[in-house]
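What follows is each chain in one-letter form.
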Amino acid sequence: MKTFISPDYQQLSEAVAKNVIDCVNAKPNALICIAGGDTPLGVFAALVEAQKQGRVDFSQTQFLGLDEWLGLGKADKGSCREMVWSHFFDKLTLRDEQICFFDGLTDSPQAECQRVDGYIAQHGPIDCIVLGIGMNGHIGFNEPGASLNNTCHVIDLDPITQTVSVKYFGTARDVKQGISLGLKTILAAENIVLMASGEKKADIVAQTVNALASNAIPSTLVKTAKRAALYVDKAAASAL
Ligand code: GLP
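Quick caveat: nothing in here was measured; it's all calculated off a predicted structure.

### Let's talk about helix α8 (residues 202-210)
Part 1 of the reasoning: When α8 is considered as a whole, its buried residues turn out to be A202, I204, V205, A206 and T208.
Part 2 of the reasoning: Lining the buried residues of α8 we find β9 (192-196) and β10 (228-233).

### Quick notes on the sheet that holds strand β5 (residues 99-100)
Part 1 of the reasoning: Judged by pairing direction, the sheet is parallel, and its 7 strands sit side by side in the order β1-β10-β9-β6-β2-β3-β5 without closing on themselves. Each end of this open sheet is capped by a strand with a single partner; those strands are β1 (2-6) and β5.
Part 2 of the reasoning: In the sheet, strand β3 (residues 62-64) pairs with β5 via 2 bridges, with the strands oriented parallel. Residue pairing for β5: L64 is matched across the bridge by C100.

### A few points about the side chain of T220
Part 1 of the reasoning: By secondary structure assignment, the location of T220 is in the loop between α8 and β10.
Part 2 of the reasoning: A distance of 3.0 Å separates a polar atom in the side chain of T220 from the backbone oxygen of S214.
Part 3 of the reasoning: In this structure T220 touches Q207, T208, A211, L212, A213 and S214, once residues within four positions along its chain are discounted.

### Some words on the site of the ligand
Part 1 of the reasoning: Taken together, 14 residues lie near the ligand, and T39, H138, K167, Y168 and K201 sit nearest.
Part 2 of the reasoning: Interatomic distance of 2.5 Å between a side-chain N/O atom of Y168 and an oxygen atom of the ligand.
Part 3 of the reasoning: Isolated, the ligand exposes 380 Å² of accessible area, and the fraction of that covered by the protein chains is 96%.

### Some remarks on the pairing of strand β2 (residues 31-34)
Part 1 of the reasoning: Side chains L31 and C33 project from β2 onto one buried face, and the interleaved I32 and I34 project onto a second face that is buried too.
Part 2 of the reasoning: Pairing between β2 and β3: 3 bridges, direction parallel. Directly across from C33, in β3, lies its bridge partner L64.
Part 3 of the reasoning: As for the winding sense of the linkage, the β-α-β connection from β2 through helix α2 (residues 41-52) to β3 is right-handed.
Part 4 of the reasoning: Pairing of β2 with strand β6 (residues 128-132) involves 3 bridges; the strand directions are parallel. By the bridge assignment, I32 is partnered in β6 with C128.

### Details of the side chain of D127
Part 1 of the reasoning: Inspection of the secondary structure assignment puts D127 in the loop between α4 (109-123) and β6.
Part 2 of the reasoning: Using a relative accessible area of 10% as the deciding quantity, one classes D127 as buried.
Part 3 of the reasoning: Among the polar contacts listed, one links the side chain of D127 to the backbone nitrogen of L31, at a separation of 2.8 Å.
Part 4 of the reasoning: Discounting chain neighbours no more than four positions away, the residues touching D127 are C23, K27, A30, L31, E190 and N191.

### Some words on the packing of helix α1 (residues 9-26) against α2
Part 1 of the reasoning: One can describe the packing of α1 onto α2 by two numbers: an axis separation of 8 Å at closest approach and a directional angle of 60 degrees. Classed by the angle they form, the pair α1 and α2 counts as oblique. Seen along the crossing, α1 lies across α2 with a hand that is right-handed. Where α1 abuts α2, its residues Y9, S13, E14, V16, A17, V20 and I21 lie against L41, G42, V43, A46, L47 and A50.
Part 2 of the reasoning: Looking at side-chain class alone, the contact of α1 with α2 contains 10 nonpolar, 2 polar and 1 charged residues.

Cut-offs applied
- Residues numbered from 1 in each chain as written.
- Predicted model: local features only at pLDDT ≥ 70, side-chain atom pairs only at ≥ 80, totals over all residues.
- Heavy atoms only, no water.
- Buried < 20%, exposed > 50% of the residue type's maximum accessible area, 1.4 Å probe, protein only.
- Helix = DSSP H or I, 4+ residues; strand = E, 2+ residues; numbered from the N terminus.
- Contact = heavy atoms within 4.5 Å.
- Pairing = 2+ DSSP bridges.
- Polar contact = N/O pair within 3.5 Å; in protein donor to acceptor, adjacent residues only side chain to side chain.
- Near = heavy atom within 4 Å.
- Areas by Shrake-Rupley, 256 points an atom, 1.4 Å probe, with all protein chains shown as cover.
- Right-handed = clockwise from strand over helix to strand, strands pointing away.
- Axes fitted to C-alpha atoms, helices over the stretch in contact; angles between N-to-C directions.
- Parallel < 35°, antiparallel > 145°, perpendicular 65-115°, else oblique.
- Left-handed = near helix turned anticlockwise from the far one by under 90°.
- Nonpolar A, V, L, I, M, F, W, Y, C, P; charged D, E, K, R; others polar.

Set out below in structure tokens:
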């Protein structure tokens with residue numbers, strides 16, 4: 001897996017955005033998946049700017065959500081839906097049918113998994129996926145120990161993930177489960193961008209690079225994919 005180290009978060013975000021833009025320019029109806037969470041916020045801003053400047057056209061692009069906290073919806077600050085819409089989808093002019101995103105408020109998580117798997121069967125494989133790395137190495141909500149055979153599924157969240165989640169919500173919330181694309185779907189993507197920023201990610205970035213690929217640290221599995229790259233800023237690369 002190639003590693004690209006940018007001097008700061010801004011340049012990191014622009015480098016990742018360029019990867020997505022190149023993908024869409026090569027294939028206008030590409031299926032793109034970008035994580036929620038803090039890491040890609042700069043990428044969203046760079047992509048919105050690129051569309052404004054006419055450097056990319058998302059009018060044919062399909063967007064797929066990576067994951068969601070079960071029980072949370074768009075009205076919940078810090079949900080994946082709230083973050084991705086407010087920083088990205090609301091700033092583009094997209095048609096509803098261009099977006100497939102987990103509904104965290106669903107009454108039937110299993111049916112929701114089937115719906116999203118059906119969408120991927122129709123539009124997939126994913127052409128470009130941008131993943132954040134959780135503090136425990138999770139990608140999406142594929143926590144340590146996750147099965148490599150999983151497609152969309154419901155997950156009991158790792159205690160580390162539950163603790164970290166406070167940063168999104170501003171307060172502790174009772175989030176015990178997530179719904180996520182599985183490792184099978186993620187690792188089948190044509191192009192995987194693993195992204196991390198800041199010193200707090202330095203340790204898990206070093207483990208991702210140095211440890212053998214195994215589901216004990218899901219982010220290491222990206223190294224087994226056919227085309228994958230790690231994009232980090234200097235701070236996140238400081239333990240490499
Ligand atoms: C969160 C999200 C993921 C995200 C990852 C890293 O829990 N479910 O989609 O990529 O963990 O989050 P962050 O970018 O905020 O560090």
